[in-house]
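Structural characterization, general
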Amino acid sequence: MLEKPETYEELMRNKRMHDLCSHYRITKDSFDKIYQFLKDNPDGAVKGNKTGLSLTKGLRTIETITALCLTSSLVSCLLDKTGFHLTTYVPRSSSSWSSGGSSWSGGSSNNNNNNNNNNNNNNNR
């Protein structure tokens, strides 16, 4: 990334980009291209699968970037202005598989902290 984040939005975009890089091996040029695309296109998104990443606006694919997927159980991922969503699978047997779960990296942790505090308070009664 060429510039230092100056706003909360830029900081969160940077964090989500690093989340993406923990699941894909991409070049610095690709990193910068994706970051700039998201910066210039607030409605844009990055959709990923096992074979690479697609820069999208709505249903239209603008560009496809070849990237090595580092997560063997990855099914798909989505990075946009609201967060980073990752879908993985866990095989049950050699002939079938099920959805193993997903994660979401959004922009705020206050709700999680409040939920944790409420859970702690309820457990201490």
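This text goes with the structure placed above it.
The calculated volume of the largest pocket comes to roughly 180 Å³. If you go around the largest pocket, you meet 14 residues; those closest to its centre are Glu9, Arg13, Arg16, Asp80 and Lys81. For the lining of the largest pocket, the elements supplying multiple residues, two or more each, are helix H1 (8-21), helix H2 (28-40) and strand E6 (74-80). Of all the elements, H1 adds the most residues to the lining of the largest pocket, at five residues. Residues belonging to the lining of the largest pocket are distributed by class as follows: five nonpolar, three polar and six charged.

Along the chain, threonine 66 turns up in strand E4 (residues 60-66). Between the C-alpha atoms of threonine 66 and glycine 52, which are 14 residues apart in sequence, the distance is 4.6 Å.

Among the six residues that make up strand E3 (residues 52-57), five are buried, leaving the element largely enclosed by the rest of the structure. Pairing analysis gives six bridges linking strand E2 (residues 44-49) to E3, with the strands arranged antiparallel. Bridging across to E3, valine 46 finds its partner in leucine 55. Hairpin geometry of E2 and E3 is characterised by an intervening segment of two residues between the two adjacent antiparallel strands. With six bridges connecting them, E3 and E4 associate as antiparallel partners. Bridge pairing links serine 54 to threonine 64 in E4. Counted along the chain from E3 to the antiparallel partner E4, the turn is two residues long, and its residue glycine 58 has a positive phi close to 65°.

About the cut-offs
- Residues numbered from 1 in each chain as written.
- Predicted model: local features only at pLDDT ≥ 70, side-chain atom pairs only at ≥ 80, totals over all residues.
- Heavy atoms only, no water.
- 1 Å grid on protein atoms, 1.4 Å probe; cavity = no way out; pocket = protein on both sides within 12 Å on 5 of 7 lines; lining within 4 Å.
- Points joined across faces, edges and corners; volume = space filled by probe spheres on them.
- Helix = DSSP H or I, 4+ residues; strand = E, 2+ residues; numbered from the N terminus.
- Nonpolar A, V, L, I, M, F, W, Y, C, P; charged D, E, K, R; others polar.
- Buried < 20%, exposed > 50% of the residue type's maximum accessible area, 1.4 Å probe, protein only.
- Pairing = 2+ DSSP bridges.

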